[in-house]
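Each chain, letter by letter, is given below.
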Amino acid sequence: MTSAPDAAISPPGTADTCPHGHAAPPPVPGTGRQDPLGPLDLFDEGFVRDPYPWLDRLRSDAPVHRDTATGLWLVSRYEDIRRVLLDPAAFRPDNAQHAVTPLGVPALRLLARAGFRLGPALANNATDSHPGLRRVVTRFFNARRVAASVPVVERIADELLTTVRAELDTTGHSDLFRAYAHTLPCRVMMELLGVEGLDAATLARWSDASLELFWGRPSPDRQLELALLVAEFHEWLTELVSDRTAPADSFVGALTRHRLPDGKPTDPQTAVSACFFVFIAGQSTTGQLISTVLRRALAEPGIWSRSAHEEGPAEEWVEEVLRREPPVTSWRRVTARPLELGGVELPAGAELLLMLMGSGSDPDVFDDPGQMLPGRANTRHHLAFGVGRHRCPGASLARTEAAVALRTAARRLPAVRLSPDAAQAPVLGLLSFRAPLRVPVEEPPRTP
């Protein structure tokens, strides 16, 4: 067993350069050989726009590879990722929400003044409090509630598409991310969880800022801007969970009345941490999924019209997008002890980055993985929502919202098409999150 593959791996392109013009990789110190993946930069524009050649190379030639820029071990094969997720004792979730870019002192001071701290609650919780907290959350996203939410999603989607329709009628153009995908899940979540007294745009702004601060590579000045928004978010959440008049059957009421393993009610810090995760996942990541679903459906011949007129295509398309291009592209774990993974010996405390996006294209699991094949037999075997005790509790709602969003848009906007500049639209490129930040569309002039 070795700690890295012995053979040098050329990045996509030529043996000595990558397709984005980077120079050949420098030797790994003390080894006399090149870094196997050379100039791989997880935040680079080229990687963000087209990560598949790199993910394929990782999976085939360096399935457990240490990224020198971040210090993370990149795990890219489906079975290795599944093994990690199913063994939380050996691969702990403690680092799941740590900032990937160290925060500067000014940003840390600003957060400290707001009392910001994310203790173990859901995604980062390996303690015995996790099962009970998860049950509280899961009750609000069970099959019955998700089925009952469909009319809510349809109503809000229809309201937002009325604005899109007006923009198209007036200017001939609109942006389905800004006007639709980004707002729909936030409004749905607030209504389903009984969140009142806050503008949806504000919650969306707080959520997006949190993702960029903890999963991005912001400059010191940008860190301060983001930390201010995250501090506001934390202060609002603290006030929210401190309201003991919240109905017992509301999300916040159920969470604050929940008893932890020691018999005490959930403390405010734990309740805030749980809300922080649920609100971000329910808003930002679901909006990213919808954005990708719409963008890819408009680019694929026949998907838009079939989603409007047939039962099932929208759901099948969402599942293929989750397999091939999920909004949550990776997730982190840390080894609890020295162990072997994918033929590589890892020390205790090794921080792993599970390449969820690449696992959906593993040819050992999915036939012809580079092709979008709605309705493939094993499409739900993907790991976009994780697996095991930390599997996303809102997976069913996210699937449903995305399918309803596609079906409703296709019915309301049957003639819409991507604008010519859609290929140049910006893409969110955080460590663990990726999606189109614009879905520019236009509509051909109507004939008299």
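What comes next concerns the included structure.

Next up on the list: empty space enclosed by the protein. Counting across every chain of the model gives three cavities of 30 Å³ or more. In this structure, the largest cavity is lined by 40 residues; those nearest its centre are Phe-277, Ala-281, Val-328, Cys-392 and Pro-393. Of all the elements in the fold, those that place two or more residues in the lining of the largest cavity are helix H5 (130–139), helix H9 (200–215), helix H12 (268–299), strand S5 (331–335) and helix H16 (395–412). Among the elements that make up the lining of the largest cavity, the one with the highest residue count is H12 (nine residues). Taken together, the residues of the lining of the largest cavity break down into 28 nonpolar, eight polar and four charged. Of the pockets and cavities examined, the second largest cavity occupies roughly 170 Å³. The set of elements that each furnish at least two residues to the lining of the second largest cavity consists of helix H1 (45–49), helix H15 (356–359) and strand S10 (427–429).

Taken together, the side chains of Arg-135, Arg-139, Arg-144 and Arg-145 present a region of like positive charge at the surface. Every element with two or more residues in the positive patch is listed here: H5 and helix H6 (143–171). Note on placement: Arg-145 falls in helix H6. By relative accessible area, which is 30% here, Arg-145 ends up partly exposed.

With that settled, consider the sheet that holds strand S1 (residues 64–66). Across the sheet, which stays open at both edges, the five strands sit in the order S1-S2-S8-S5-S3 with mixed pairing between neighbours. Each having just a single partner strand, S1 and strand S3 (91–92) make up the two edges of the open sheet. Note: S1 against strand S2 (residues 73–75), three bridges, orientation antiparallel. If you follow His-65 over to S2, its bridge partner there is Leu-74.

Take the packing of helix H8 (residues 184–193) against H16 next. Viewed as axis vectors pointing N to C, H8 and H16 meet at an angle of 130°, and their least axial separation amounts to 11 Å. The angle between H8 and H16 falls in the class oblique. Crossing hand, H8 versus H16: right-handed. Across from Leu-184, Pro-185, Val-188 and Leu-192 in H8, the residues of H16 making contact are Leu-397, Glu-401 and Ala-405. Residues belonging to the contact of H8 with H16 are distributed by class as follows: six nonpolar, no polar and one charged.

Scoring rules and cut-offs
Residues numbered from 1 in each chain as written. Predicted model: local features only at pLDDT ≥ 70, side-chain atom pairs only at ≥ 80, totals over all residues. Heavy atoms only, no water. 1 Å grid on protein atoms, 1.4 Å probe; cavity = no way out; pocket = protein on both sides within 12 Å on 5 of 7 lines; lining within 4 Å. Points joined across faces, edges and corners; volume = space filled by probe spheres on them. Helix = DSSP H or I, 4+ residues; strand = E, 2+ residues; numbered from the N terminus. Nonpolar A, V, L, I, M, F, W, Y, C, P; charged D, E, K, R; others polar. Patch = residues over 30% accessible without salt bridge, like charges linked within 9 Å, V, L, I, M, F, W, Y side chains within 5 Å. Areas by Shrake-Rupley, 256 points an atom, 1.4 Å probe, with all protein chains shown as cover. Salt bridge = Lys/Arg side-chain N within 4 Å of Asp/Glu carboxyl O. Lys, Arg positive; Asp, Glu negative; His and termini not counted. Charge placed at Lys NZ, Arg CZ, Asp CG, Glu CD. Buried < 20%, exposed > 50% of the residue type's maximum accessible area, 1.4 Å probe, protein only. Pairing = 2+ DSSP bridges. Axes fitted to C-alpha atoms, helices over the stretch in contact; angles between N-to-C directions. Parallel < 35°, antiparallel > 145°, perpendicular 65-115°, else oblique. Left-handed = near helix turned anticlockwise from the far one by under 90°. Contact = heavy atoms within 4.5 Å.

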